[in-house]
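# Geometric and topological summary
Take a look at the letters that make up each chain.
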Amino acid sequence: MKPMDVAVIGGGAAGLMCAIEAGQRGRRVVVLEHNSEIGRKILISGGGRCNFTNLHTRPENFFSANQHFAKSALARYGPQDFLRMLERHAIPYHEKTLGQLFCDRSSRDVIRMLEAECASAGVRIETRCGVRNVTRVATGGDRFRIETAAGNLEVSSLVIATGGLSIPKIGATPFGYGIARQFGLRIVECRPALVPLTFSRDDQTKYGGLEGVSTEVSANADGHSFREKMLFTHRGLSGPAILQASSYWAPQSPIFIDLAPGVDITGWFRERRAAGDGSEARTLAGRILPKRLADRWFEIHAHSKPAAALSDREIQSISAALHQWKFLPAATEGYEKAEVTAGGVDTAGLSSKTMEARQVPGLYFIGEVVDVTGHLGGFNFQWAWASGYSAGQCV
């Protein structure tokens, strides 16, 4: 390979942003991507339209062993900075809900934009280029020797942007964690995040057959509540509220789900009773919940009788059951279905301003491989852009 200053291992969102910024500073940059194309996670995200950022990005939308680590990068490169790049390339986009921004046409618009920015900055991109080995050069200062399928090279700055373990079918590997350990950095235990949860055998018997039923809920895991849609699947629960809660869920612990957030169930049934309503309780619940769910719920939890015949105690019992369903997941759907990986390279070993390893000058970690994980809705892409930008200013 030609002489280079910077090697970025990983051609995803964070790696490409870092390469662009470094190239624009006049650094000779090569991106090494083991897949046949760059940006595979970008391509499949957002149903093929890439939820590339969130207008309401705040540090509170991220979790890490060090809750303060992400603040510096997020302050230096925000959603509006990325929007300016999109607008320079005349890429149309729209807001869905809760500040989530998507491409109007296709995720490929973002990939083409990043490719164009790389070309303009003189960045070289090598695909189908797996890295076989990385070593520190013993002489000549802080340099790294990289052995690849396309040849060997030495660089003064090495950036690890290899992502996490989520979605292995698009090439996810633990490579980045291995490099971190090789150079003495600690790894915060990794786990699937933003991932569907599965039913226990008992719950599968109770709720099997409800797949496709969707309703707005408030899901609470470990004190973190999310009010969004929940979806019943063949194997368990999914939908935005459950994906969000999954990031805070610990095995053997429950998630508390309010199936009728903001609805006064007790008051509703008492009003119908006072009116002498002869409708079955499940029928009345079906005006609040999807009918299939209401019918199943009363089969499992309560005998349905006319509203006019319900006692205060029965009404309170129905209300409590609907407002605080104690759901004990059996497991997650694993990395195959997880949108991101929680955990990763311990931020205690990195500079929050530059992403450089404190004890290894010239070595940087960015994006999902780092122990910073965002909520659902474009936040993980914003972390990729921000951490890539921060490293790109310094490599």
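For the structure, see preceding data.
Every value quoted in this text rests on a predicted model; they were computed, and no experiment measured them. (Residues numbered from 1 in each chain as written. Predicted model: local features only at pLDDT ≥ 70, side-chain atom pairs only at ≥ 80, totals over all residues. Heavy atoms only, no water.)

Let's shift gears to the environment of Leu-237. Mapping Leu-237 onto the fold places it in strand β16 (residues 236-238). Measuring from C-alpha to C-alpha, the distance between Leu-237 and Arg-143 comes to 48 Å, with 94 residues separating the pair along the chain. Not counting residues up to four positions away in its chain, the partners in contact with Leu-237 are Pro-196, Leu-197, Phe-199, Met-230, Leu-231, Phe-232, Ile-242, Ile-257, Trp-325 and Phe-327. (Helix = DSSP H or I, 4+ residues; strand = E, 2+ residues; numbered from the N terminus. Contact = heavy atoms within 4.5 Å.)

Turning our eyes to something else, we now look at the sheet that holds strand β21 (residues 363-365). Within the open sheet, the five strands sit side by side as β7-β2-β1-β11-β21. Their pairing is parallel. Of all the strands in the sheet, the pair left with one neighbour each is β7 (124-126) and β21. Averaged over all pairs of adjacent strands, the angle between strand axes in this sheet comes to 20°, irrespective of strand direction. Summarising the sheet, strand β1 (residues 6-9) and strand β2 (residues 29-32) pair through four bridges and their orientation is parallel. Its bridge partner lying in β2, Val-6 is registered against Val-29. Helix α6 (residues 175-182) rests against β1, β11 (157-160) and β21 of the sheet, and its axis sits at about 140° to β21. (Pairing = 2+ DSSP bridges. Axes fitted to C-alpha atoms, helices over the stretch in contact; angles between N-to-C directions.)

As judged from the three bridges shared by strand β14 (residues 214-221) and strand β17 (residues 255-258), these two strands associate in the antiparallel manner. Considered in β17, the bridge of Ser-218 is made with Asp-258. Strand direction decides the pairing type here: β17 and strand β18 (residues 325-327), joined by three bridges, are antiparallel. What sits directly across from Ile-257, in β18, is Trp-325.

Attention now goes to the packing of helix α9 (residues 265-274) against helix α12 (residues 312-323). α12 packs onto α9 with a crossing angle of 145° between their chain directions and a minimal axis gap of 8 Å. The way α9 lies across α12 gives a crossing that is right-handed. Contact residues: Ile-265, Thr-266, Phe-269, Arg-270 and Arg-273 in α9; Asp-312, Ile-315, Gln-316, Ile-318, Ser-319, Leu-322 and His-323 in α12. (Left-handed = near helix turned anticlockwise from the far one by under 90°.)

Without other data, these values stay purely geometric and don't point to any function.
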